[in-house]
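So you can see what is in the structure, the chains are spelled out below.
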Amino acid sequence: MASSPKLDSKIPEGPIDQKWSKYRSTVALVNPANKRSLEVLVVGSGLAGASAAATLAEMGYKVKVFCFQDSPRRAHSIAAQGGINAAKNYQNDGDSTYRLFYDTIKGGDYRAREGNVYRLAEVSSNIIDQCVAQGVPLAREYGGLLSNRSFGGTQVQRTFYAAGQTGQQLLLGAYSALQRQVGMGAVELCARHEMLDVVTIDGKARGIIARNLITGAMEKHFGHAVLLCTGGYGNVFYLSTNAMGSNVTAAWKAHKKGAFFGNPCYTQIHPTCIPVSGDHQSKLTLMSESLRNDGRIWVPKKKDDNRKPTDIPEEERDYYLERRYPAFGNLVPRDVASRAAKERCDAGYGVGASKKAVYLDFAFNTIRYGKTEAAKLNLHNPSQEEIVRLGKEVIKEKYGNLFDMYQQITGENPYEVPMRIYPAVHYTMGGLWVDYNLMTTVPGLYALGEANFSDHGANRLGASALMQGLADGYFVIPYTLGVYLSGEVSRMSAEKDKADSIDKLKTKHPEFDKALEEQTALINKFLSIKGTKSVESFHKRLGLIMWEKCGMARNKQGLTEAIGEIQALREEFWKDVRVLGDANEFNPDLEKAGRVADFIELGELMCKDALHREESCGGHFREEHQEADGEAKRDDEHFKYVAAWEFKNTSNWELHKEELVYENIKIAQRSYK
Amino acid sequence: MGSGNGELLNLTLKVWRQKNSKAKGSFETHQLKGISTDMSFLEMFDVLNEQLIHEGKEAIAFDHDCREGICGMCSMYINGRPHGPKGAVTTCQLHMRSFKNNDTIVVEPWRSVAFPVIKDLVVDRSAFDRIVASGGYVSVNTGNAKDANNILIPKPAADDAFAAAACIGCGACVATCKNGSAMLFVSAKVSQLALLPQGQVERKERVLKMVQQMDEEGFGNCTNTGACEAECPKEISLENIARMNREMIGASLK
Ligand SMILES: Cc1cc2nc3c(=O)[nH]c(=O)nc-3n(C[C@H](O)[C@H](O)[C@H](O)COP(=O)(O)OP(=O)(O)OC[C@H]3O[C@@H](n4cnc5c(N)ncnc54)[C@H](O)[C@@H]3O)c2cc1C
Ligand code: SF4
Ligand code: FES
């Protein structure tokens, strides 16, 4: 198979461990004087957006940042709990750039690009250095050195953390760097703004249309480059661990303006989330994967066992992950752990009222820690209560905020009874297709962080999204953006005397007005339908279709049905949605209408992508393609490619393929046994 | 299957409605039936909003995003207390099991000169961003950093810095303070960086600049009532204010 001519990944030549360093030192640069006349729009203020915006402003570019929340500090990166990977090898346990590279490619089930992933592993160490220099309070040992923990899919301890609030601390670090630039006048901040479209002129991205969410004013913003750092699209499932406002609108509008969408069906279902408690449920809450360091997952050996978990004796418990995957045990990758939980529940062994949950139990390690602490304190013959008390303190120190969160939501005390958990939609590996420079198929338009498809293949390992977001923003885009902008500098000087050059016209260019009119018409359309059903109700129905038919397990019949159902839902939406209030005011319902309209279209593409991929890989599990023991069955001969979809018109896409080449890693059946 | 266990509540809600920053607002009363005690407070608002839309009335605007107590976006003043009757939780983490059948619940926006109302329960907290922009950072450009383990930080200092850094910027401390003071918020950031070796170089300058910006934004003076600590969902300690006061003295003396 050869890659489509429309997809040039631009991976540099040379040995894998020299590609990036060589490229970085030979790419075109933009001189400081020119940087001041180049404007960069950064949409999104999460780890990817904030780090990119701060760094580009430090370099001298004129930067504008957009986010829909009231402050850039509230981007959903704030909610990341468990940690961030880096190949520091501080624990001296055999970690290295190569090993992180290898784990990530394997974890992604051999569906990610070698060149990108190696670069990610390479810059991972710099991220930790940068964050610590900013004053990010990562966890420390008593000797003052940084502490590490383990995450799924790896056998080394390379995860850095700040209790269960790693994302918060890293984001506040990037936010402070961003605010420093705001204070210095190098960044203009546009909070409570929603990007509604990309403006392209002669095929290049030249700016965006954004709505001021407070006044409803429609605004035109010019930029020599536009960076979409707008996060993932897990909310297409309605229920997910994403924030309520997380959306696909920016990426989707870009897609409709020519940016190909890569691997839309690759979604990650996280194994450990708090189960759904009723129809009112508006979102799901993650219980960090780090808990699997100390929590053991089990279900009763007997079906429909209604005893209290603490009353079920050890020998009547099935620690199914330890049983099925002795080498990795509770720390198998997420896709494997999620499917295993679903398998047990489907087979009738689930627990709790809904029977759609398994136990995550800390009793064993509470005792283990208690004994160690007692020994440290020189307590001889400590009582069982004393051991438990000491053990709980250790657990509290490591996961206190997560345990509190669990108790808030469920009303149960996880220090006393095991947590009940079930898989939930969490992360989207798919996203806008980008090349090695992080540029989409639209020149001048970039995608960073979760919004792009790049580094995680078909399944992301825990603690590597924070790493990728910050790698993209702090250490990749500052170099790769110059490749394009240095061309812009030449063009600008060639067009210096041209009266109607884009640099002179900026937002006065007619394309801006055209895009503005289109988006204004769309908003008026929502308000004029005056139907009978709320936006929320359409979102819920879409989510249900997606979860049932394009969720943890997929098959041809279900996907085919889903496509029909989603098309019908789209028609109904445009006939019968009820959006109240005005365009010229703060109107959350109107905001949501736009987001749901885009999710409906995306949902259809996800199902089409899932249907076309006749194999199982990572988070994409096609029931038709499994081994005798239920493990995923990949088909490297036919599907070792990135599926990049080009939008043609409603319900109509063209598939382009980027072949994946493995020169350094021998592609193999993934095994965690 | 929480301790709420499917119990259902009937409630009366008195909610502040205000069309925009210039309009005069007023309370609006709504009846809600069959609210499950397993719902979160915001899910109860979702139900109310669906009911309103069904009746052809505009939904109540309120700020929220993560719904797990970390983004700091949610901000309701419930029965006279920011984030409601339970200590140490945000509005989004408050569950209906904290209420009883036939309760009347009064919900208002944060009220403070420095946080003007945008609409209904939504206020403008951008003053906080400007305070951070005035000095709440370590001046280190990307790429300048040394190996992270070259900076040794004693665990107690790291833990204290972390505890201060846990502030979510929600503004409950300001909303509850009779003076509308932002001291708890500002002192948390000042403390975090004053406790760490990375923050030393700019230590004096930082506190002066941040306090100056705080005053310019129209926040009131601190008279040590301690209401902020009591209402802070992240239990940010008053010790931070004491530390900031010492920092101020140290910085003014030069
Ligand atoms: C609960 C949870 C826990 C997690 N834990 C971990 C972990 O422990 N380790 C790990 O590595 N990863 C974790 N992840 C994944 C990781 O947090 C995310 O993938 C990552 O933070 C995404 O960062 P981002 O910068 O790409 O996007 P986000 O942080 O989501 O930021 C998106 C930004 O885009 C803006 N935006 C979006 N749309 C628009 C629009 N149309 N107009 C204007 N602005 C817009 C938003 O305002 C926001 O500023 C977790 C994810 C979740 C949900
Ligand atoms: S100090 Fe507490 S109440 Fe004040 S903004 Fe921070 S978290 Fe909110
Ligand atoms: S919605 Fe994020 S803290 Fe409440």
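1. Some details on the domain arrangement of chain A
All names here are of chain A.
- Each assigned domain of chain A is listed with its residue range as follows: domain 1 (270-424) and domain 2 (507-649).
- Here the C-alpha centre of domain 2 lies 34 Å away from the C-alpha centre of domain 1.
- Contacts between the two partners involve 9 residues from domain 1 and, on the opposite side, 10 residues from domain 2.
- Summing the contributions of domain 1 and of domain 2, the shared interface buries around 740 Å²; its carbon and sulfur component is 57%.
- It is Asp335, Arg339 and Lys342 that lose the most area in domain 1 upon contact with domain 2, and together they represent 54% of the buried surface on that side.
- Where domain 1 touches domain 2, the interface holds 1 salt bridge.
- For the interface between domain 1 and domain 2, the tally reads 4 residue pairs in polar contact (both at pLDDT 80 or more).
- Elements supplying a minimum of two residues to the side of domain 1 that touches domain 2: helix H9 (334-346) and strand E15 (419-428).

2. Description of the domain arrangement of chain B
Residues and elements named next belong to chain B.
- Annotation of chain B at the domain level lists domain 1 (8-117) and domain 2 (125-252).
- Inter-centroid distance (C-alpha atoms) of domain 1 to domain 2 is 29 Å.
- With 22 residues of domain 1 at the interface, the matching set in domain 2 holds 20 residues.
- At the junction of domain 1 and domain 2, the tally comes to 2 salt bridges.
- The closest approach of N and O atoms between Glu231 and Arg81, which form a salt bridge, is 3.0 Å.
- Joining domain 1 to domain 2, the criterion identifies 6 residue pairs in polar contact (both at pLDDT 80 or more).

3. Focus on the layout of surface pockets
Residues and elements named next belong to chain A.
- Of the pockets and cavities examined, the second largest pocket occupies roughly 760 Å³.
- Taken together, 33 residues make up the lining of the second largest pocket; nearest its centre are Leu239, Val276, Leu544, Trp547 and Glu548.
- Looking at the lining of the second largest pocket, the elements with two or more residues in it are H9, E15 and helix H15 (535-549).
- For the lining of the second largest pocket, a count of residues per class yields 16 nonpolar, 7 polar and 10 charged.
- If you count residues domain by domain, the lining of the second largest pocket takes at least three from each of domain 1 (270-424) and domain 2 (507-649).

4. Some remarks on the environment of Gly46(A)
Residue and element names in this part refer to chain A.
- Its location among the elements puts Gly46 in the loop between strand E1 (39-43) and helix H3 (47-59).
- With 108 residues separating them in the primary sequence, Gly46 and Thr154 have C-alpha atoms 26 Å apart.
- Apart from the residues lying within four places of it in its own chain, the contact partners of Gly46 are Ser51, Ala75, Ser77 and Leu171.

5. Quick look at a negative patch on the surface
- On the surface, Asp404(A), Asp160(B), Glu229(B), Glu235(B) and Glu239(B) cluster together into a negatively charged patch.
- Looking at the secondary structure, you find Glu235(B) in the loop between helix H7 (227-231) and helix H8 (239-253).
- The class of Glu235(B) is exposed, set by a relative accessible area of 60%.

6. A few points about empty space enclosed by the protein
- According to the stated counting rule, one finds 16 cavities of 30 Å³ or more in the structure shown.
- Of the pockets and cavities examined, the second largest cavity occupies roughly 640 Å³.
- Surrounding the second largest cavity, 30 residues form its lining, Pro588(A), Asp589(A), Lys592(A), Phe62(B) and His64(B) being those nearest its centre.
- If you list the elements that add at least two residues to the lining of the second largest cavity, you get H15 and helix H17 (588-612) of chain A together with helix H1 (41-54) of chain B.
- For the lining of the second largest cavity, the leading source of residues is H17(A), giving 5 residues.
- Grouping the constituent residues of the lining of the second largest cavity by class yields 13 nonpolar, 4 polar and 13 charged.

7. Observations regarding the pairing of strand E12 (residues 296-300) of chain A
Residues and elements named next belong to chain A.
- Where burial is concerned, most of E12 is hidden: 5 out of the 5 residues are buried.
- Side-chain alternation along E12 places Arg296, Trp298 and Pro300 on one buried face and Ile297 and Val299 on a second face that is also buried.
- Taken together, the 3 bridges between E12 and strand E14 (residues 358-361) define a ladder with antiparallel strand orientation. Bridged to Ile297 within E14 is Leu360.
- Pairing analysis gives 2 bridges linking E12 to strand E13 (residues 317-318), with the strands arranged antiparallel.

8. Considerations on the side chain of Ser71(A)
- With respect to the secondary-structure elements, Ser71(A) resides in the loop between strand E2 (62-66) and strand E3 (84-85).
- A polar contact of 2.8 Å, which involves the side chain of Ser71(A), links it to the side chain of Asp129(B).
- For Ser71(A), the residues in contact, after removing those within four places along its chain, are Tyr175(A), Ala191(A) and Asp129(B).

9. A closer look at the site of ligand 2
- Near ligand 2 you find 13 residues, and of these Cys167(B), Cys170(B), Gly171(B), Cys173(B) and Cys232(B) are the closest.
- For the shell around ligand 2, the secondary-structure elements that each account for two or more residues are helix H4 (172-176) and helix H5 (183-195) of chain B.

10. Focus on the nonpolar core
- Of all hydrophobic cores here, the largest spans 225 residues; its most connected members are Leu227(A), Tyr446(A) and Phe219(B).
- Among the elements that make up this core, the one with the highest residue count is helix H12 (residues 465-494) of chain A (13 residues).
- Discounting residues that sit within four places of it in the chain, Phe219(B) has contacts with Ala114(B), Phe115(B), Ala127(B), Phe128(B), Ile131(B), Val174(B), Gly180(B), Ser181(B), Ala182(B) and Met214(B).
- If you look at the next biggest cluster of nonpolar residues, it comprises 26 residues, including Ile35(B), Met39(B), Cys74(B) and Met96(B).

11. Some thoughts on helix H7 (residues 249-256) of chain A
Residues and elements named next belong to chain A.
- Of all 8 residues in H7, 7 are buried, a share of seventy percent or more.
- If you check which residues of H7 are buried, you get Thr249, Ala250, Ala251, Trp252, Lys253, Ala254 and His255.
- Taken from the residues just after H7, Gly258 is the one with a positive phi, measuring 120°.

Scoring rules and cut-offs
Residues numbered from 1 in each chain as written. Chains lettered and ligands numbered in written order. Predicted model: local features only at pLDDT ≥ 70, side-chain atom pairs only at ≥ 80, totals over all residues. Heavy atoms only, no water. Domains from an automatic or database assignment. Contact = heavy atoms within 4.5 Å. Buried area = accessible area lost by both parts, 1.4 Å probe. Salt bridge = Lys/Arg side-chain N within 4 Å of Asp/Glu carboxyl O. Polar contact = N/O pair within 3.5 Å; in protein donor to acceptor, adjacent residues only side chain to side chain. Helix = DSSP H or I, 4+ residues; strand = E, 2+ residues; numbered from the N terminus. 1 Å grid on protein atoms, 1.4 Å probe; cavity = no way out; pocket = protein on both sides within 12 Å on 5 of 7 lines; lining within 4 Å. Points joined across faces, edges and corners; volume = space filled by probe spheres on them. Nonpolar A, V, L, I, M, F, W, Y, C, P; charged D, E, K, R; others polar. Patch = residues over 30% accessible without salt bridge, like charges linked within 9 Å, V, L, I, M, F, W, Y side chains within 5 Å. Areas by Shrake-Rupley, 256 points an atom, 1.4 Å probe, with all protein chains shown as cover. Lys, Arg positive; Asp, Glu negative; His and termini not counted. Charge placed at Lys NZ, Arg CZ, Asp CG, Glu CD. Buried < 20%, exposed > 50% of the residue type's maximum accessible area, 1.4 Å probe, protein only. Pairing = 2+ DSSP bridges. Near = heavy atom within 4 Å. Core = buried A, V, L, I, M, F, W, Y, C linked by side-chain atoms within 4.5 Å.

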